[in-house]
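# Inside the fold
For reference, the chains in residue letters:
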Amino acid sequence: MTTPPPQGNPFAQGQQQPQGQNPFAQGQPGLPQQAGQPGFPPQGAPVPPEQPRRKIGFKTIKNIVVVVVLVGAAIGAFISSRDDANTAAVGDCMHRGSTSDDNPDLEVVECNSSDAQYEVLAKIDGSFLSDTLASSKCEAEAKGFQYVYTQSGDGKDFLLCLKDHKK
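Here's a quick rundown of the structure.

Quick notes on the rules
- Residues numbered from 1 in each chain as written.
- Predicted model: local features only at pLDDT ≥ 70, side-chain atom pairs only at ≥ 80, totals over all residues.
- Heavy atoms only, no water.
- Disulfide = S-S within 2.5 Å.
- Helix = DSSP H or I, 4+ residues; strand = E, 2+ residues; numbered from the N terminus.
- Buried < 20%, exposed > 50% of the residue type's maximum accessible area, 1.4 Å probe, protein only.
- Contact = heavy atoms within 4.5 Å.
- Core = buried A, V, L, I, M, F, W, Y, C linked by side-chain atoms within 4.5 Å.
- Pairing = 2+ DSSP bridges.
- Axes fitted to C-alpha atoms, helices over the stretch in contact; angles between N-to-C directions.
- Patch = residues over 30% accessible without salt bridge, like charges linked within 9 Å, V, L, I, M, F, W, Y side chains within 5 Å.
- Areas by Shrake-Rupley, 256 points an atom, 1.4 Å probe, with all protein chains shown as cover.
- Salt bridge = Lys/Arg side-chain N within 4 Å of Asp/Glu carboxyl O.
- Phe/Tyr/Trp six-rings, centres within 6.5 Å; stacked < 30°, edge-to-face > 60°.
- Lys NZ or Arg CZ within 6 Å of the ring centre and 35° of its normal.

A few words now on the state of the cysteines. All told, the structure shown has two disulfides when counted by the stated rule. Each sulfur of the disulfide joining C93 and C111 lies 2.1 Å from the other. Negative torsions about the S-S bond denote left-handed disulfides, and the value of about 105° found for C93 with C111 makes this one right-handed. On the criterion of sequence distance, the pair formed by C93 in strand 1 (residues 93-96) and C111 in the loop between strand 2 (106-109) and strand 3 (118-125) is long-range, its members being 18 residues apart. For C138, the disulfide goes to C161, at an S-S distance of 1.8 Å. Note on the C138 and C161 pair: the S-S dihedral is about -90°, so by sign convention the disulfide is left-handed. Residue C138 is located in helix 2 (residues 131-141), and its partner C161 is located in strand 5 (residues 158-164); the two are separated by 23 residues in the primary sequence.

Residue placement: E141 occurs in helix 2. Judged by relative accessible area, which is 49%, E141 ranks as partly exposed. Aside from chain neighbours lying at most four places away, what touches E141 is A122 and I124.

Among soluble globular proteins, nonpolar side chains are generally buried collectively. Judged by nonpolar contacts, A85, A88, M94, L106, Y118, V120, Y149, F158, L160 and L162 together constitute the single largest core of 10 residues. Mapped by element, the contributors of at least two residues to this core are strand 3 and strand 5. Here the element with the most residues in this core is strand 5; it accounts for three residues. Ignoring any residue separated from it by four or fewer positions in sequence, one finds Y118 in contact with D92, C93, M94, R96, L106, Y147, L162, K163, D164 and H165. In terms of nonpolar packing, the next biggest core, distinct from the first, is built from nine residues, A122, F128, A142 and C161 among them.

Turning our eyes to something else, we now look at the side chain of H165. Relative to the elements of secondary structure, H165 occurs in the segment after strand 5. Other than its neighbours up to four places away in sequence, H165 contacts C93, C111, A116, Q117, Y118 and E119.

Quick look at the sheet that holds strand 5 now. If you trace the five strands from one edge of the open sheet to the other, you get 2-1-3-5-4, paired in antiparallel fashion. Among the strands making up the open sheet, the edge pair consists of strand 2 and strand 4 (147-151). Along the sheet, successive strands turn relative to each other by an average axial angle of 40°, direction set aside. Note that strand 1 and strand 2 share four bridges and pair antiparallel. Of the residues in strand 2, the one forming a bridge with R96 is L106. Where helix 2 meets the sheet, it contacts strand 3, strand 4 and strand 5, and its direction lies at approximately 65° from that of strand 5.

Together, I56, I61, V65 and V69 make up a nonpolar patch on the protein surface, roughly 390 Å² of accessible area in all. Taking relative accessible area as the criterion, I56 reaches 63% and is therefore assigned exposed.

Quick look at the packing of aromatic side chains now. Overall, the coordinates contain two aromatic pairs when judged by the stated rule. Plain terms: the ring middles of Y118 and Y147 are 5.3 Å apart, the flat faces sit at 75° to each other, and that makes the pair edge-to-face. Pair noted here: Y118 is in strand 3 and Y147 is in strand 4, with a separation of 29 residues, a long-range link. Relative accessible area serves as the criterion here: at 34%, Y147 is assigned to the partly exposed category. An angle of 55° between the planes, with centres 6.5 Å apart, marks the rings of Y149 and F158 as tilted. By relative accessible area, F158 is classed as buried at 1%. The positively charged end of K123 is found above the aromatic ring belonging to F158, 4.7 Å away from the centroid.

From the geometry alone we can't say anything about function, so treat these as descriptive.
Take a look at the structure:
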């Protein structure tokens, strides 16, 4: 009797494949995958610890404090500028914050305040290049004025006609 030739691969001489099984299958069907296969940690391997939470450092705290201080300064400057001469209206009282004639730093104050020095008789929008022009404009608009104050360059040019405030 002669042995039949191997079936399947004619070049696989001497190797016998079991029939009915898939040579590419992993593990046995119906059995769970074992450790060591892709997607599963090896058995007995330590679990890595959780990453520690990032602590807030001195530099971060310093930057936050600097931002808060700058925002506070900006808010303070805005609030203090609301009492500036550009917010003055006819009938308001003013206080001179500086002795300099170039920058008298006029501020709006309550008329019953001890700081009240001047009273606004007229506020005229526009640019006035000379004191003579400003004075002639105040003569036409506000009888009895004593002082003129012009402001220009901050986006809104105007003239205030002032007189001493009687307490």
